[in-house]
2 protein chains.
Amino acid sequence: MSTFRVWAPMPKKVQFQCDGQVFAMRQEAGGWWTVEIAGFQKDSDYGFLLDSEGPFPDPRSLFQPHGVNGLSRMVDHNHFEWDDTNWQAPPLPSAVIYELHIGTFTPAGTFEAAVDKLDHLVKLGITHIQMMPVNEFPGVHGWGYDGVDLFAPQHTYGTPELLKRLVNECHKRHLAVLLDVVYNHFGSAGNHLGKFAPYFTKKYLSPWGDAVNFDGPGSYEVRRFFCDNALMWLRDYHFDGLRLDAVHAIIDTSADHFLEQLAREVNELKATLGRNLVLIPESDLNDPRLLWPPEKGGVGLDAQWSDDFHHALHTVLSEERDGYYKDFGSLADLAKALKQAYVYDGQFSRHRCRNHGRPPEGLLGNRFLGYLQNHDQVGNRAKGDRSSCFMTVGKLKIGAALVLTSPFVPMLFQGEEWGASTPFQYFTDHQDPKLGNAVRQGRRQEFTAFGWDPDEIPDPQAWETFARSKLNWSELTTGDHADLLNWHIQLIHLRQSEPALKNGRFDLIEILFDEKARWLMIKRESIVIFCNLANRSQKLPFVGEARSVIESVDGTTLMKDAIHLPAESVAIIKL
Amino acid sequence: MSTFRVWAPMPKKVQFQCDGQVFAMRQEAGGWWTVEIAGFQKDSDYGFLLDSEGPFPDPRSLFQPHGVNGLSRMVDHNHFEWDDTNWQAPPLPSAVIYELHIGTFTPAGTFEAAVDKLDHLVKLGITHIQMMPVNEFPGVHGWGYDGVDLFAPQHTYGTPELLKRLVNECHKRHLAVLLDVVYNHFGSAGNHLGKFAPYFTKKYLSPWGDAVNFDGPGSYEVRRFFCDNALMWLRDYHFDGLRLDAVHAIIDTSADHFLEQLAREVNELKATLGRNLVLIPESDLNDPRLLWPPEKGGVGLDAQWSDDFHHALHTVLSEERDGYYKDFGSLADLAKALKQAYVYDGQFSRHRCRNHGRPPEGLLGNRFLGYLQNHDQVGNRAKGDRSSCFMTVGKLKIGAALVLTSPFVPMLFQGEEWGASTPFQYFTDHQDPKLGNAVRQGRRQEFTAFGWDPDEIPDPQAWETFARSKLNWSELTTGDHADLLNWHIQLIHLRQSEPALKNGRFDLIEILFDEKARWLMIKRESIVIFCNLANRSQKLPFVGEARSVIESVDGTTLMKDAIHLPAESVAIIKL
């Protein structure tokens, strides 16, 4: 006997359909409907009829083998055989995170294929994988941020079983796994949720579709939906934490913000499971309250994606100043980012045309992720070109050194470790031609505003755009790629062996720089990082006894009161 | 030589018009326009032409003698002769607040006429007047929440000079004066602000018109507009504090919430002036963060309007259960309100269909205002009838006793002290017939949904609706009115003479009640309040030595182990 339940206060009548049969459902308190049925196969497909229309998939479907508009597949989470008893993810201060996208990480683009590349990540020194969203989204390929079936792994990536296998294989290799989840909006295609219940609100406008109802009538169940989703990934799939997409777009004015509830519930699960679980929001607010403990009025999340360090680093290395980069560009900005993560801590932002941020008082550096690239910063460029397409190897090595010796939790984006030549472009697969066209046109307009020729913008709906974004693993051992890979391995090794690099102590960092001469020196206790960003060799002040020197380019010379660096190079001295 | 400046990034050309002459203005950084002109009278009328349209009044106009669509009058704030040197408002824990509406407080409905009634308030024992909004709103009468010229006192109430005179007269009588200000929306009629600058946003929907732009591009100046407005009332008009209307409708997701900025700036002014200034938000969020200090992640405001105590008390006394009253009704709710202000501190609210509130940890009772009536709770009833229209004198006396012996800062609404027979109805005076009609129809629809005959609902646009809402001071000395007035005077005197009633110590309050027998006992250290809500006399348990007894009805009898109370009566015992 199985019980099926669905929250559907909107329709007057709800029926359960399974293997072609239709069953009446009983209305319960609070807008729930329920039915008990015996005799179905474990993996039957089912759906709900709402006022005789449908069938529509289960909003909490655990698998959608036929896509977002198909029937839902029953899944039993209890029969996978896990090999990770007593597994504990390393704490974030010791982490080196690797962001990957299942569809493009390997040629096959599946959970199964990803397993074959795990040993590469182990060799690189990675401690945490962070998967871009794997929830069911429209079509057969996409970034995953248009998800509508948040409890179901994307069927073109593989089954729930295969996703568990991937996590299991990671844990066997001492790799922790984080999952990117999107709680700030739903995709618009295949989105049937609004027919069931008040998942959406008109009170706020979301940049990506209807705003989610976190604080209006019915919100107690909407919040349960998301909390239960988070708990499922952590409990049933053994994920070690969640990256929370764009939490600045979660608008909730109630006295108990949704993120506070989520943090409490994950903390309870943590205690129950005895496992180290983390929540890592992406936030554009520069608001330290996300990280402050509840006693200080904070949400108490573990660490946050913060773009200020990225923007400061990217502008210094690339000299790009368009769009949001106009707020950055000086070594002073980069130094400020290295000292407190937020460059904008309350002052006026020209790009935003308003004051932005708040001082991140009392927070360690390892409460922030630091990166030179991520899926957004690459993929949201007109052509999805990586830093390796427009920066010299010298600059890339400086960038890698600054990320991997930073006070932050460093993160790499798939392929960054070898300066992959493949782009990571914006790709979608909307089945509705109207929506597909709107996305295509929107993308063109976005970049023609910055002076791009619209024909140069890759078509997000084209299969080729997806295909060319897949990593080319054959280049890994060749030329500059191999050199860059070794540089990353060397830096991660250094980071893991030097406690001074991992302690996150902003207060112990000393920085010197010369804006005009283009050099920067960062002292982190016994480790000093010297960067020459200029395209000529130059001397930087240095007095001390060097135990060892790691150099990105041959030719670093230690002199009596200076260090001589070749053009576009970095040297790391252990005192 | 006078300099005129206006923030107007929207138009391409701005001109200054004064006394019929037009002057070009010079564009400055940040969207400001400026002009220096000599030779005008002090009280000239002026406006701005935007791209040759207009003239429109100054968004920061200090006086609108011809209404919201007329020209602005120049005002010099520096020449009023104040008599209140060294004036200090009493601290809130000692306050008894009196909410009044200038237009209906006296027959003339002006600042000047209000002066004549101040001695009545002094005699009653009031310490703080709280004026409903006096900013310029459309038409000649209205509640004031449709204001558009937030820096200008409503011209039908009097001039800026006369408003200062009223405040000055209050201070001479040791009455503090609070002003109700509306920062969550602007009125729609006569609202020209959107032509000047991005005062509004489409990101959020306000229940009362366009949402104010507190966190989007240009918001730094919008926030300055409101902060400067607050500082003006406190500095130039000598108000002792502000009541902030419906702060739950101020949507600001930035890291530095507008209310935090406002609180900081008012605190700075407080230090500069050396005067006791307070900010009292009205909030529907049951969120203690408004009151918590910044160290605890709070905004640090002084006290808040909180309706839970009102609703709990009103439902117990009236037995009404419609609309939001359905969430209240038991003596247990009333007891919880008396112990921590918020009845809803996180649990499910049937009316809101969601969880509501958060425990108000660490806050004293005198951080909340407590009231049996206020302009909303009276005026938002279908016919604006006061409690005195539907409660017995016995119930009114119990209500008054519970408010005036409560741990909260007690507040009365004009005329409540004598159970005024006049209603306080919803009245407007929109000049645009379409808008006037929409308001009229909206009001009818709101109440027909609750089963009212639409013809019974007073027409908000009718002059008579305003006229009949004016207090009738001639009834003050007659029958039950005089009796009620004396009861209020007696209770306020008791409150002011008993520190136990003013200390706000929730933790020291002991409460006993019998839901079925309808009695309630509240012990506040040496003061015990016995309420018999039943319509028959009954015995309540009491053991102790009474120093004195204050009774609302003759016939209270102290027995060996009980106190015998007449039907619908309250007795206050000093131990």
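Please read these numbers as outputs of a predicted model, since none were measured by experiment.

The rules behind the values
- Residues numbered from 1 in each chain as written.
- Chains lettered and ligands numbered in written order.
- Predicted model: local features only at pLDDT ≥ 70, side-chain atom pairs only at ≥ 80, totals over all residues.
- Least-squares fit on C-alpha atoms with pLDDT ≥ 70 in both.
- Contact = placed C-beta atoms within 7 Å.
- Helix = DSSP H or I, 4+ residues; strand = E, 2+ residues; numbered from the N terminus.
- Nonpolar A, V, L, I, M, F, W, Y, C, P; charged D, E, K, R; others polar.
- Core = buried A, V, L, I, M, F, W, Y, C linked by C-beta atoms within 7 Å.
- Buried ≥ 20, exposed ≤ 12 C-beta atoms within 10 Å, placed from the backbone.
- Expected span 1.5 Å × (residues − 1).
- Arc of directions from axis to C-beta.
- Domains from an automatic or database assignment.
- Pairing = 2+ DSSP bridges.

> How do you make sense of the relation of the copies chain B and chain A when you look at a structure like this?
Both copies of the chain are placed relative to one another by a rotation about an axis and a shift along it. Rotating chain B by 180° about the axis while translating it 0.0 Å along that axis superimposes it on chain A, leaving an RMSD of 0.0 Å. Here the transformation between the copies is reduced to the relation of a two-fold axis. The rotation axis passes nearest to the C-alpha of G297 of chain B in chain B, at a distance of 1.9 Å. Both copies present the same face, since 100% of the interface residues in chain B are matched by interface residues at the equivalent positions in chain A.

> Looking at this model, I keep getting lost on the interface of chain B and chain A. Mind explaining?
By a frequent convention, interface size equals the accessible area lost on bringing the separate parts together. The interface is formed by 32 residues belonging to chain B together with 32 residues belonging to chain A. Among the secondary structure elements, those contributing two or more residues to the side of chain B that touches chain A are β14 (200-206), α6 (219-236) and β20 (354-355) of chain B. Counting residues per element, the side of chain B that touches chain A draws most heavily on β14 of chain B, which supplies four residues. In terms of residue class, the side of chain B that touches chain A is made up of 10 nonpolar, 12 polar and 10 charged.

> Would you take a moment to explain the nonpolar core for this structure?
Inside soluble globular proteins, nonpolar side chains tend to come together where they are buried. Among the nonpolar cores identified, the biggest contains 289 residues, and I129, V177 and L369 of chain A together with I129, V177, L369 and F530 of chain B are the most heavily contacted of them. Residues within four places of I129 of chain B in sequence aside, it is in contact with Y98, L100, L121, C170, L175, V177 and L178 of chain B.

> Can you help me understand helix α6 (residues 219-236) of chain A in this one?
Each full turn of the α-helix corresponds to 3.6 residues, which orients residues three or four apart in the same direction. All names here are of chain A. With 18 residues, α6 should cover 26 Å at 1.5 Å per step; its first-to-last C-alpha distance of 25 Å lies within 8% of that length. Residues S219, V222, R223, F226, A230, W233 and L234 constitute the buried set of α6. The arc enclosing the buried residues of α6, seen along the axis, measures out at 110°, which places them on a common side. Directly after α6, the chain includes H238, whose backbone phi takes a positive value near 60°.

> Help me understand the domain arrangement of chain A, please; the structure alone is not making it clear to me.
Residue and element names in this part refer to chain A. Per the domain assignment, the segments of chain A are domain 1 (2-56), domain 2 (92-422 + 447-497) and domain 3 (509-574). Each of domain 2 and domain 3 was reduced to a C-alpha centroid, and the two centroids are 31 Å apart. Every contact between the two is made by 20 residues of domain 2 and, on the other side, 19 residues of domain 3. Contributing elements (two or more residues each) for the side of domain 2 that touches domain 3: α9 (331-340), α12 (393-404) and α15 (479-497). Partitioning the side of domain 2 that touches domain 3 into residue classes produces 12 nonpolar, five polar and three charged.

> Even after reading the chapter, I still don't get the sheet that holds strand β28 (residues 557-558) of chain A, so can you show me in this structure?
The strands that make up a sheet are held in pairs by hydrogen bonds between backbone atoms, and each pair lies either parallel or antiparallel. Residues and elements named next belong to chain A. In spatial order, the strands read β26-β29-β28; together these three strands make up an open sheet with antiparallel pairing. Because the sheet does not close on itself, it has two edges, and the strands there are β26 (538-541) and β28. Examined bridge by bridge, β26 and strand β29 (residues 562-565) share four bridges and lie antiparallel to one another. The residue bridging P541 from the neighbouring strand is A562, located in β29.

> I'm lost on the environment of H310 of chain B in this one. Help?
Residue and element names in this part refer to chain B. With respect to the helices and strands, the residue H310 is situated in helix α8 (residues 307-318). Distance from H310 to A341, taken between C-alpha atoms, is 9.7 Å for residues 31 residues apart in sequence. Aside from chain neighbours lying at most four places away, what touches H310 is Y371, L372 and Q377.

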